[in-house]
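Residues per chain, in single letters:
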Amino acid sequence: MTTAREIMTPGARCVSTEESVRDAANRLAELDVGALPICGNDNRLKGLITDRDIVVRVLARGKDPRAVHVGELAQGEAVTVGADDDAHEVLRTMTRHRVRRLPVIDGHTLVGMVSQADVARSLDNADVGELVAALSASD
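Participant: What should I look at first to understand the pairing of strand E7 (residues 109-115) in this one?
Facilitator: Both faces of the sheet carry side chains from a regular strand, because those side chains alternate between them. The element E7 is extensively covered by neighbouring structure, given that five of its seven residues are classed as buried. Note: strand E1 (residues 9-10) against E7, two bridges, orientation antiparallel. Across the sheet, the residue bridging to threonine 9 is methionine 113, located in E7. When strand E6 (residues 101-106) meets E7, the two strands line up antiparallel, connected through six bridges. For valine 104, the partnering residue across the bridge sits in E7 and is glycine 112. Linking E6 back to E7 in an antiparallel pair, the connection comprises two residues, with glycine 107 at a positive phi of about 70°.

Structure below.
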(Lines give C-alpha, C1' and ligand atoms only; values in the text may rest on other atoms or scores of the structure.)
Protein backbone atom coordinates (compact mmCIF):
# COMPACT_ATOMS: atom_id res chain seq x y z
CA MET A 1 0.00 0.00 0.00
CA THR A 2 1.39 3.37 -1.05
CA THR A 3 0.68 6.12 1.50
CA ALA A 4 0.34 9.87 1.30
CA ARG A 5 3.64 10.18 3.18
CA GLU A 6 5.38 8.27 0.38
CA ILE A 7 4.05 10.43 -2.47
CA MET A 8 3.90 13.86 -0.79
CA THR A 9 6.36 16.67 -1.11
CA PRO A 10 7.73 17.01 2.42
CA GLY A 11 8.62 20.19 4.27
CA ALA A 12 5.62 22.33 3.40
CA ARG A 13 6.07 25.87 4.69
CA CYS A 14 3.13 27.75 6.16
CA VAL A 15 2.18 31.34 5.72
CA SER A 16 0.76 32.93 8.87
CA THR A 17 -2.80 34.21 9.07
CA GLU A 18 -1.29 37.56 10.12
CA GLU A 19 0.98 37.96 7.07
CA SER A 20 -0.09 40.10 4.14
CA VAL A 21 -1.23 38.63 0.86
CA ARG A 22 1.77 40.33 -0.72
CA ASP A 23 4.08 38.38 1.63
CA ALA A 24 2.28 35.18 0.61
CA ALA A 25 2.66 36.03 -3.08
CA ASN A 26 6.37 36.60 -2.57
CA ARG A 27 6.70 33.24 -0.80
CA LEU A 28 4.78 31.48 -3.59
CA ALA A 29 7.23 32.97 -6.10
CA GLU A 30 10.26 32.18 -3.96
CA LEU A 31 9.25 28.54 -3.53
CA ASP A 32 7.88 28.26 -7.09
CA VAL A 33 4.60 26.72 -5.89
CA GLY A 34 0.95 27.47 -6.56
CA ALA A 35 -0.39 27.09 -3.02
CA LEU A 36 0.71 27.53 0.57
CA PRO A 37 -0.82 26.20 3.76
CA ILE A 38 -2.19 28.89 6.08
CA CYS A 39 -1.32 28.35 9.74
CA GLY A 40 -2.53 30.23 12.78
CA ASN A 41 -0.54 31.43 15.76
CA ASP A 42 -1.17 28.00 17.28
CA ASN A 43 0.62 26.39 14.27
CA ARG A 44 -2.63 24.64 13.31
CA LEU A 45 -3.67 24.47 9.68
CA LYS A 46 -6.37 27.03 8.83
CA GLY A 47 -6.56 26.57 5.07
CA LEU A 48 -4.67 27.14 1.85
CA ILE A 49 -3.93 30.22 -0.19
CA THR A 50 -3.41 29.81 -3.91
CA ASP A 51 -2.09 32.05 -6.62
CA ARG A 52 -5.65 32.06 -7.99
CA ASP A 53 -7.03 33.28 -4.63
CA ILE A 54 -4.67 36.23 -4.79
CA VAL A 55 -5.71 37.17 -8.31
CA VAL A 56 -9.46 36.57 -8.01
CA ARG A 57 -10.18 37.51 -4.40
CA VAL A 58 -7.70 40.34 -3.93
CA LEU A 59 -6.33 41.90 -7.13
CA ALA A 60 -9.47 41.59 -9.28
CA ARG A 61 -11.50 43.22 -6.51
CA GLY A 62 -9.13 46.17 -6.32
CA LYS A 63 -7.87 45.31 -2.83
CA ASP A 64 -4.36 46.19 -1.73
CA PRO A 65 -2.39 42.94 -1.23
CA ARG A 66 -0.25 44.71 1.38
CA ALA A 67 -3.35 45.51 3.45
CA VAL A 68 -5.19 42.17 3.24
CA HIS A 69 -4.15 39.50 5.72
CA VAL A 70 -3.85 35.91 4.56
CA GLY A 71 -6.24 34.81 7.31
CA GLU A 72 -9.03 36.75 5.60
CA LEU A 73 -8.82 34.30 2.69
CA ALA A 74 -9.02 31.11 4.76
CA GLN A 75 -12.51 29.65 4.34
CA GLY A 76 -14.08 26.90 6.37
CA GLU A 77 -12.21 23.84 7.51
CA ALA A 78 -9.17 22.83 5.47
CA VAL A 79 -9.46 19.62 3.49
CA THR A 80 -6.54 17.39 4.49
CA VAL A 81 -5.31 13.85 4.24
CA GLY A 82 -3.52 11.81 6.86
CA ALA A 83 0.14 10.93 6.31
CA ASP A 84 -0.61 7.22 6.57
CA ASP A 85 -3.72 7.28 4.37
CA ASP A 86 -3.59 5.12 1.26
CA ALA A 87 -2.85 6.89 -2.04
CA HIS A 88 -6.30 5.85 -3.29
CA GLU A 89 -7.85 7.71 -0.34
CA VAL A 90 -5.82 10.76 -1.38
CA LEU A 91 -7.28 10.39 -4.88
CA ARG A 92 -10.84 10.02 -3.53
CA THR A 93 -10.44 13.08 -1.29
CA MET A 94 -9.07 15.22 -4.13
CA THR A 95 -11.86 14.06 -6.43
CA ARG A 96 -14.64 14.52 -3.85
CA HIS A 97 -13.52 18.04 -2.93
CA ARG A 98 -12.28 18.95 -6.42
CA VAL A 99 -8.89 20.16 -5.19
CA ARG A 100 -5.50 19.92 -6.87
CA ARG A 101 -3.45 20.05 -3.67
CA LEU A 102 -3.90 18.56 -0.23
CA PRO A 103 -2.04 19.30 2.98
CA VAL A 104 -0.77 16.10 4.60
CA ILE A 105 -1.01 15.97 8.38
CA ASP A 106 0.30 13.62 11.01
CA GLY A 107 -1.94 14.19 14.01
CA HIS A 108 -2.23 17.99 13.95
CA THR A 109 1.21 18.56 12.44
CA LEU A 110 1.59 19.57 8.81
CA VAL A 111 4.20 17.26 7.26
CA GLY A 112 3.84 17.93 3.53
CA MET A 113 1.64 18.54 0.52
CA VAL A 114 0.28 16.16 -2.12
CA SER A 115 -0.38 17.61 -5.55
CA GLN A 116 -2.22 16.30 -8.56
CA ALA A 117 1.19 15.60 -10.12
CA ASP A 118 2.26 13.55 -7.08
CA VAL A 119 -0.85 11.40 -7.46
CA ALA A 120 -0.29 11.05 -11.21
CA ARG A 121 3.20 9.67 -10.60
CA SER A 122 2.00 7.06 -8.11
CA LEU A 123 -1.30 5.68 -9.44
CA ASP A 124 -2.37 4.07 -12.69
CA ASN A 125 -3.62 6.14 -15.60
CA ALA A 126 -7.30 5.21 -15.23
CA ASP A 127 -7.43 6.48 -11.64
CA VAL A 128 -5.57 9.64 -12.53
CA GLY A 129 -7.92 10.18 -15.49
CA GLU A 130 -10.90 10.20 -13.12
CA LEU A 131 -9.22 12.86 -11.00
CA VAL A 132 -8.41 15.05 -13.99
CA ALA A 133 -11.98 14.70 -15.26
CA ALA A 134 -13.41 15.65 -11.86
CA LEU A 135 -11.13 18.68 -11.57
CA SER A 136 -11.89 19.79 -15.11
CA ALA A 137 -15.68 19.45 -14.86
CA SER A 138 -17.59 22.71 -14.75
CA ASP A 139 -20.07 23.39 -11.98
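Right, picking up where we left off after that structure.
Participant: Please explain the side chain of threonine 3 as it appears in this structure.
Facilitator: The residue threonine 3 is located in the segment before helix H1 (4-7) in this model. Apart from residues no more than four positions distant in its own chain, threonine 3 is found in contact with Ala83, Asp84, Asp85, Asp86 and Ala87.

Participant: What am I meant to see in the sheet that holds strand E5 (residues 81-82) here?
Facilitator: Within a sheet, each strand pairs with its neighbour through backbone hydrogen bonds, oriented either parallel or antiparallel. Pairing in this open sheet of four strands is mixed, and the strands run E1-E7-E6-E5 from one edge to the other. What marks the edges here is a single partner per strand, and that holds for E1 and E5.

Participant: Honestly, the sheet that holds strand E4 (residues 45-50) in this entry has me stumped. Any pointers?
Facilitator: The three strands are arranged E2-E3-E4 in an open sheet whose pairing can be described as mixed. Two strands in the sheet have a free side with no partner beyond their single neighbour: strand E2 (15-16) and E4. Where E2 lies against strand E3 (residues 35-39), two bridges are found, and the strand directions are parallel. Among the inter-strand pairings, serine 16 is bridged to a residue of E3, identified as cysteine 39. Against the sheet, helix H2 (residues 21-31) engages E2, E3 and E4, with an angle of about 135° to E3.

Rules behind the numbers
Residues numbered from 1 in each chain as written. Predicted model: local features only at pLDDT ≥ 70, side-chain atom pairs only at ≥ 80, totals over all residues. Heavy atoms only, no water. Buried < 20%, exposed > 50% of the residue type's maximum accessible area, 1.4 Å probe, protein only. Helix = DSSP H or I, 4+ residues; strand = E, 2+ residues; numbered from the N terminus. Pairing = 2+ DSSP bridges. Contact = heavy atoms within 4.5 Å. Axes fitted to C-alpha atoms, helices over the stretch in contact; angles between N-to-C directions.

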